[in-house]
Amino acid sequence: MSNDAATIDYLARQQLTGRGFVVLGVGAGIGSAVCAALSQAGAKLLCVDSKKEVAEAAAARFGGIAAAANVTDRADMEAVFAQAERQFGGSFAGVVNVVGVPMPGAIAALDDEQTQRQLDLTLRPAILVTQLAAPRLAARGGGSVVFVGSLAAEVSTLNIALYGVGKAAVNKLAAAAAHEFGPGKVRFNVVSPGRIVSSGVVPISPETLARIEQAVPLRRAGTPADIAGVVLFLLSDLAGYVTGTVIPVDGGVGRISALPESAPRSK
Ligand SMILES: NC(=O)c1ccc[n+]([C@@H]2O[C@H](COP(=O)([O-])OP(=O)(O)OC[C@H]3O[C@@H](n4cnc5c(N)ncnc54)[C@H](O)[C@@H]3O)[C@@H](O)[C@H]2O)c1
């Protein structure tokens, strides 16, 4: 690889040609957009979802192989990454975890079972990817892992507090895993969406959408494509020196204060 910055082919570094990626959670919305972006960049895909028909639809649409699996189940994830090794061989290059389902409710309203389930649906897939996929990637000479996080990890959003706690732990895990697997050339990063208009479990009313647009500096909600573009960047060689980070993709809303504006200085 040339080190002369002026002669480097930067667009070639954006390509994933022939590399194999596992995408976890490929339903309509962010997962589907991630599959589209990776497929366009030349990647080979293993499309995983708990709903078999969803995995099969994504695989058919984006030219991958389908697998039905629960990303919170260790045996299922072991089988998925063993399949990725068989399918991709030495070109197994990375994993994207999209699954992270909010279970809305005030902190005190969630019982033990719901609390554990909320942590399982946010943190556990990232832990299993780190424990089961990263050693395989390191053994092949490296790779890139991206977790889809959430703005809720950084700032409080009422009714999804424990979801935010799980996502904050994912951010911490990415930093720690980047440290531990850095010598094995496995990169870990988090893409942290703000409010995304997608076909996710919680539909957005026109009134809520108007409030989102007013609150966000860029004056719009995010789209699945906004997330997929940054995932593609992080998986590619363009991000070859980026690891352990959280990249907010939120139109800037995570960096503004909810306090009233300061009065202008009087002359
Ligand atoms: N939509 C938003 O506004 C928003 C905001 C911040 C963060 N996020 C994050 O983005 C990601 C995707 O959000 P989305 O709204 O596009 O989700 P989505 O519900 O559209 O997609 C999630 C996919 O994961 C699958 N899935 C759910 N549980 C699973 C399990 N246990 N095992 C395997 N597959 C499972 C579903 O079938 C679905 O296809 C999540 O991590 C979420 O936390 C979304």
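Computed from a predicted model, the values in this text were never measured in an experiment.

## Brief notes about the overall build of the protein
Each helix and strand counted, the protein has 10 helices and 7 strands in total. Against the compact-globule benchmark of 18 Å for 267 residues, the protein has a radius of gyration of 19 Å, which places it among compact chains. Here the C-alpha coordinates of the protein stretch approximately 65 × 55 × 35 Å along the principal axes. Across the 267 residues in the protein, those meeting the buried criterion constitute 43%.

## Considerations on the environment of glutamate 213
Relative to the helices and strands, glutamate 213 resides in helix H9 (residues 206–215). Judged by the 14 C-beta atoms lying within 10 Å of it, glutamate 213 is partly exposed. Each C-alpha atom of the pair glutamate 213 and arginine 195 lies 9.8 Å from the other, and the pair is 18 residues apart in sequence. Setting aside chain neighbours within four positions, we find glutamate 213 in contact with Arg219, Arg220 and Ala221.

## Quick word on the confidence of the model for the protein
Per-residue confidence for the protein averages 96 on the pLDDT scale, and 97% of its residues sit at or above 70. Confidence, expressed as mean pLDDT per element, reaches its minimum in the protein at H9 with 94 and its maximum at strand E6 (residues 186–193) with 99.

Parameters at a glance
- Residues numbered from 1 in each chain as written.
- Predicted model: local features only at pLDDT ≥ 70, side-chain atom pairs only at ≥ 80, totals over all residues.
- Helix = DSSP H or I, 4+ residues; strand = E, 2+ residues; numbered from the N terminus.
- Rg over C-alpha atoms; globule rule 2.2 N^0.38 Å.
- Buried ≥ 20, exposed ≤ 12 C-beta atoms within 10 Å, placed from the backbone.
- Contact = placed C-beta atoms within 7 Å.
- pLDDT = per-residue confidence, 0-100.

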